[in-house]
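# Results of the structural survey
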Amino acid sequence: MADDFVLIIKPSDESTFQNFVEVMDEVTINNVTHYYTSETGETDRKYLLHQPN
């Protein structure tokens with residue numbers, strides 16, 4: 001089952017390089033073997049705007 005897991009990393013416009021490094025550290029620590037990065041789309045941005053802080 002874990003072999004089917006794929007982590008999608010979508011940095012927002014407010015993300016910093018340090019944020020990305022910290023996420024990648026967690027990916028390594030947790031032995032996530034299947035992941036990729038993608039740009040944040042319009043749907044993602046709308047979703048994030050409606051989330052409580």
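Source: prediction; values computed, not measured.

When their charged atoms lie close together, side chains carrying opposite charge are able to pair. Under the counting rule described, the total for this entry stands at two salt bridges. Notably, a salt bridge pairs Asp44 with Lys10, separated by 3.0 Å at the nearest N-O pair. Placement of the pair is Asp44 in helix H2 (residues 42-49) and Lys10 in the loop between strand E1 (7-9) and helix H1 (17-29), with a sequence separation of 34 residues. Classification of Asp44 by relative accessible area gives partly exposed; the value is 23%. Glu42 is the partner of Arg45 in a salt bridge, and the nearest nitrogen-oxygen pair spans 3.7 Å. A residue pair is termed a helical-turn pair when its members lie 3 or 4 positions apart in one helix, as Arg45 and Glu42 do in helix H2 at three residues. For Arg45, a relative accessible area of 31% corresponds to the partly exposed category.

The next point concerns H1. In this model, H1 (13 residues) spans 18 Å end to end at C-alpha, consistent with the 18 Å of a helix rising 1.5 Å per residue. Remark: Asn31 follows H1 within two positions and exhibits a positive phi of approximately 55 degrees.

What follows is about the side chain of Thr40. With respect to the helices and strands, the residue Thr40 is situated in the loop between strand E2 (35-37) and H2. Among the residues examined, Thr40 registers a relative accessible area of 11% and is labelled buried. One polar contact links the side chain of Thr40 to the main-chain carbonyl oxygen of Lys10, over a distance of 3.4 Å. What Thr40 contacts, discounting residues up to four positions off in sequence, is Lys10, Pro11, Ser12 and Arg45.

The rules we used
- Residues numbered from 1 in each chain as written.
- Predicted model: local features only at pLDDT ≥ 70, side-chain atom pairs only at ≥ 80, totals over all residues.
- Heavy atoms only, no water.
- Salt bridge = Lys/Arg side-chain N within 4 Å of Asp/Glu carboxyl O.
- Helix = DSSP H or I, 4+ residues; strand = E, 2+ residues; numbered from the N terminus.
- Buried < 20%, exposed > 50% of the residue type's maximum accessible area, 1.4 Å probe, protein only.
- Expected span 1.5 Å × (residues − 1).
- Polar contact = N/O pair within 3.5 Å; in protein donor to acceptor, adjacent residues only side chain to side chain.
- Contact = heavy atoms within 4.5 Å.

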